[in-house]
Amino acid sequence: MAIWKTIDWSLTCSHKEPLISPSSSSKIFISVVSLPNRRFVFVNSCTNPPVSYPSLEDSATNDLLTLQLDSQNQQNLFLDEENLNEFLCKLCKDPQTESLAFKYYEKAKDRPEYRPNQLIFKLLLRYLIKHKQWDSVSSLSKDFQDFQIFPDVITCSKLVSGCMKARKFKIAEHLLGIFESNQEIAVSAFNSAMKGYNNLHMYSCTILVYNRMKRARILLDLDSYYQTLEAFYRTGDTEKVLFLFKELQSQSFDTNKIYTQIYLVLCNSLGKSGRAFEALDFFNEMKGKGVVEDSLIYSSLISSFASIREVKIAEEIFKEAKEKRLVRDPALFLRLVLMYVEEGLVEKTLQVVETMKELNIRVSDCIFCAIINGYSRKRGLNDAISIYGELISQGHEPGQVTYASIINIYCRLGLYEKAEVIFAEMESKGFVKCVVAYSSMVSMYGKIGRVRDAMKMVAKMKERGCEPNVWIYNSLLDMHGKVQNLRQVEKIWKEMKRRKIMPDKVSYTTVIYAYSKARAFDESLKFYEEYRFNGGSIDRAMAGIMVGIFSKNNRIDELVKLLQDMKADGAGLDLRLYRSAMNALRDAGLEDQARRFEESFDSINTPNMEPITRPVQSIWIRKRSMKP
């Protein structure tokens, strides 16, 4: 209860800036005054205040002052300094006045005798964080050290968490420096900082916070170890994970739920680095200690052994997890499917599907696609189509990726009508932005000469907001180049540049061949020079085209340089390319260059040329010997 006293208005006092100004019929004002040997909060009731201040509701004023003032007799009242904290708390708790609380706190702390308490800090921080007033938070945090009074542990933890969520890392680091001196608060605050950095995937910063804890000799708790282990695991430092885990084992912590998460991080780290057997040993140790088992740990172990193709052990762990009803991770089944595909056991992928059906787990699009692609690689395209039909008959729904794969298979088999039917089905289900499916369809139309349908398909995908990729543009360049529609080729090339689609080796090869076929050799050379200037390497397809162009244009020096570049790039010569080069040199009458060419590309230096070069060389030698 506030202590109220009456003084004579003639009493000498120093009048400071008003602290708060309630608005009511009696115009009550609260000011800070200084009297001899004492400082007070001064309440002045008058009818004509000299300055207008922010107003408070009457209900808050009556609740705070609990005294009806008589405006006619001009009473002057003052409040004892020890009740300022109570006064500020009331301001903080009232939504109508909380916005003024920090301002009045700033005024009150200027008084030498004033000392805030934990509750004031807690309420002020709650308001400042809620309204994201980070400059004020930084200012308030300095008072923790000045008054040597800290908020409670939970408030400090929430304060650091709030800074992390708002990306106010400098304020958070400053707070950690303030809290270092208090062991209990420091552990909680540092944990909040590390958790915040981990949530933001800033794992190197988490490790820096951990090192800071070690330098400050702050004892780590289980949560500290967990956050640090997670950071080292994400940065791929398995040895540091093991070291820290062994350090944790030397501590006398009670076993609780967080131990399960710690073992999960350990198993993930070892499994990712190919040390699945070590992870299994730690898992068995965990079970011996009575730590609660988790489905994610089983998933981690199975995935680890699947990645190193230990089929038998992976199946045993999977069986154990299934018996304990700890098989819940859909990603686990994808790992098993990929393992069986790599080992050539594609029939077992169907057993995985049956198990998922038993456990009421939906077969994802990725798993469906992995099975189809597995059969395509290991059993052939026709078997892949059969398995696709079988899975559809069992009620499994294909997604965008699976549709793209099966369309590609139909196109490769030449079943173009089937491909169109599947593509229409895919569209009807709303999958209208699959670039891979569009690419297969455009390529298919190009192969069968349906150029107009290919252009319509590209226009459709653009209309749907799906940007063509380099594969699609290559198909368009190829189909227009074959019919020597150079105008369309040029238009497509410019569109690629405009859309910032970088041409690849196939793009340049296709365009160079198109212009060469139309005998526009200057344009072909221009694109070749651009390709080489951009660092493009020469393969046999590119070399075959350019040998023809150089030969027809009698550019022998450039032909020789091309062959030298091919040798430098490690590209071998086939029979057709070899004969073209030899004929070009012979027709130009350059026997010395032809001899050097034979020596440079001798079968001894290029073993893959042995069945090709020797017959050609012998023919060339016989022709030379017949000359007069």
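Residues numbered from 1 in each chain as written. Predicted model: local features only at pLDDT ≥ 70, side-chain atom pairs only at ≥ 80, totals over all residues. Heavy atoms only, no water.

Within an unreviewed UniProt entry, the label attached to the protein chain reads Pentatricopeptide repeat-containing protein, and the organism entered is Papaver nudicaule. UniProt lists a comment for the protein chain under the heading Sequence similarities (unreviewed entry), and it reads "Belongs to the PPR family. P subfamily." (UniProt positions renumbered as here; feature names shortened; annotations may be inferred.)

Visitor: I tried to follow the pattern of salt bridges on my own but got confused; where do I start?
Guide: Applying the stated criterion across every chain yields a total of 31 salt bridges. Between Lys322 and Glu358 there is a salt bridge, with its nearest N and O atoms 3.2 Å apart. With Lys322 in helix α15 (residues 311-323) and Glu358 in helix α17 (residues 347-358), this pair connects stretches of sequence that are 36 residues apart. Looking at Lys322, the relative accessible area reads 31%, which means it is partly exposed. Between Arg377 and Glu342 there is a salt bridge, with its nearest N and O atoms 3.6 Å apart. Here the residue Arg377 occupies a position in helix α18 (residues 365-378), and Glu342 occupies one in helix α16 (residues 330-342), the gap between them amounting to 35 residues. Taking relative accessible area as the criterion, Glu342 reaches 34% and is therefore assigned partly exposed. Linked by salt bridges that have partners in common, Lys287, Glu293, Glu320 and Lys324 make up one network. (Salt bridge = Lys/Arg side-chain N within 4 Å of Asp/Glu carboxyl O. Helix = DSSP H or I, 4+ residues; strand = E, 2+ residues; numbered from the N terminus. Buried < 20%, exposed > 50% of the residue type's maximum accessible area, 1.4 Å probe, protein only.)

Visitor: Looking at this model, I keep getting lost on the packing of helix α6 (residues 153-165) against helix α7 (residues 169-179). Mind explaining?
Guide: Axes are the key here: two packed helices are described by the angle between their axes and the distance separating the axes. Where α6 meets α7, the axes come as close as 8 Å, and the angle between the chain directions of the two elements is 155 degrees. It follows from the interaxial angle that α6 and α7 lie roughly antiparallel. α6 and α7 meet at a crossing whose hand is left-handed. When α6 is examined against α7, the residues Cys156, Leu159, Val160, Cys163 and Met164 are found in contact with a partner set consisting of Phe169, Ile171, Ala172, Leu175, Leu176 and Phe179. (Axes fitted to C-alpha atoms, helices over the stretch in contact; angles between N-to-C directions. Parallel < 35°, antiparallel > 145°, perpendicular 65-115°, else oblique. Left-handed = near helix turned anticlockwise from the far one by under 90°. Contact = heavy atoms within 4.5 Å.)

Visitor: Would you take a moment to explain helix α10 (residues 222-234) for this structure?
Guide: Structurally, the α-helix is built with 3.6 residues per turn, so residues lying three or four positions apart point the same way. Taking 1.5 Å as the rise per residue, α10 with 13 residues should run 18 Å; its terminal C-alpha atoms sit 18 Å apart, in good agreement. Where burial is concerned, most of α10 is hidden: 11 out of the 13 residues are buried. All buried positions along α10 are accounted for by Leu222, Ser224, Tyr225, Tyr226, Gln227, Thr228, Leu229, Glu230, Ala231, Phe232 and Tyr233. Tucked into the core, α10 has its buried residues touching α8 (183-199), α9 (203-215), α11 (238-249) and α12 (257-272). (Expected span 1.5 Å × (residues − 1).)

Visitor: How should I be thinking about unusual backbone geometry in this particular structure?
Guide: Only a minority of non-glycine residues have a phi that is not negative, and only a minority of peptide bonds are not trans. In this model, Gln148 sits at a positive phi of 55 degrees, which is unusual for a non-glycine residue. Relative to the assigned elements, Gln148 resides in the loop between α5 (134-147) and α6. Here Arg167, not a glycine, exhibits a phi torsion of approximately 60 degrees, which is positive. Within the secondary structure, Arg167 sits in the loop between α6 and α7.

Visitor: I tried to follow the environment of Asp152 on my own but got confused; where do I start?
Guide: Relative to the elements of secondary structure, Asp152 occurs in the loop between α5 and α6. Apart from the residues within four sequence positions on either side, Asp152 is in contact with Gln118 and Lys122. Only 3.2 Å separates the side chain of Asp152 from the backbone nitrogen of Ile154, close enough to count as a polar contact. (Polar contact = N/O pair within 3.5 Å; in protein donor to acceptor, adjacent residues only side chain to side chain.)

Visitor: Which parts of the structure should I look at to understand the UniProt feature "repeat: PPR" (unreviewed entry) in the protein chain?
Guide: When the UniProt feature table is mapped onto this chain, "repeat: PPR" (unreviewed entry) is found at residues 294-328, 364-398, 399-433, 434-468, 469-503 and 504-538. With 74% helix and 0% strand, residues 504-538 has end C-alpha atoms that lie 12 Å from one another.

Visitor: Help me understand the nonpolar core in this model?
Guide: Looking at soluble globular proteins, one finds that nonpolar side chains tend to be buried together. With 176 residues, the main nonpolar core has Tyr105, Phe144, Phe179 and Ile407 as its most contacted residues. Broken down by element, the residue count for this core peaks at nine residues, all from α12. With near-sequence residues (within four places) excluded, Phe179 lies in contact with Phe144, Phe150, Cys156, Leu159, Val160, Ile185, Ala186 and Ala189. (Core = buried A, V, L, I, M, F, W, Y, C linked by side-chain atoms within 4.5 Å.)

Visitor: What is the right way to read the packing of aromatic side chains from this model?
Guide: For any pair of aromatic rings, the description rests on two quantities: the centre-to-centre distance and the angle between the ring planes. On inspection of all chains with the given rule, the structure shows 23 aromatic pairs. Centre to centre, the rings of Tyr105 and Tyr114 are 6.4 Å apart; their planes meet at 70 degrees, and the pair counts as edge-to-face. Residue Tyr105 shares its accessibility class with Tyr114, and that shared class is buried. Arranged with centres 6.1 Å apart and planes meeting at 85 degrees, the rings of Tyr528 and Phe550 form a pair that is edge-to-face. With a gap of 22 residues between them, Tyr528 in helix α27 (residues 521-533) and Phe550 in helix α28 (residues 540-552) connect regions that are remote in the sequence. (Phe/Tyr/Trp six-rings, centres within 6.5 Å; stacked < 30°, edge-to-face > 60°.)

Visitor: I'm lost on the confidence of the model for the protein chain in this one. Help?
Guide: For any part of a model where pLDDT is low, the fine detail of the predicted coordinates should not be relied upon. Across the protein chain, the average pLDDT comes to 80, with 77% of residues at or above 70. Here residues 603-628 is modelled with pLDDT under 50, and outside its nearest four sequence neighbours on either side it reaches 31 contacts, counting other chains as well. (pLDDT = per-residue confidence, 0-100.)

Visitor: Can you help me understand a positive patch on the surface in this one?
Guide: A grouping of Lys93, Lys122, Arg126, Lys130 and Lys158 is seen on the molecular surface, where their side chains present a positively charged patch. In this structure, Lys122 sits in helix α4 (residues 118-130). Take Lys122: its relative accessible area is 41%, and that puts it in the partly exposed class. (Patch = residues over 30% accessible without salt bridge, like charges linked within 9 Å, V, L, I, M, F, W, Y side chains within 5 Å. Areas by Shrake-Rupley, 256 points an atom, 1.4 Å probe, with all protein chains shown as cover. Lys, Arg positive; Asp, Glu negative; His and termini not counted. Charge placed at Lys NZ, Arg CZ, Asp CG, Glu CD.)

Visitor: Whenever I open this one, α8 confuses me. Can you help?
Guide: With 17 residues, α8 extends 24 Å from end C-alpha to end C-alpha; this agrees with the ideal 24 Å at 1.5 Å per step. Burial analysis of α8 places 13 of its 17 residues in the buried class, the great majority of the element. Just past α8, the residue His201 takes up positive phi, approximately 60 degrees.

Visitor: Can you walk me through the environment of Val327 in this structure?
Guide: Here Val327 is to be found in the loop between α15 and α16. Judged by its relative accessible area of 7%, Val327 is buried. As a C-alpha pair, Val327 and Asp294 span 33 residues in sequence and 9.4 Å in three-dimensional space.

Visitor: Would you explain the side chain of Asn474 in this entry?
Guide: Here Asn474 lies in helix α24 (residues 470-482). With residues near it in sequence (within four places) discarded, Asn474 still touches Asp504, Val506, Ser507 and Thr510.

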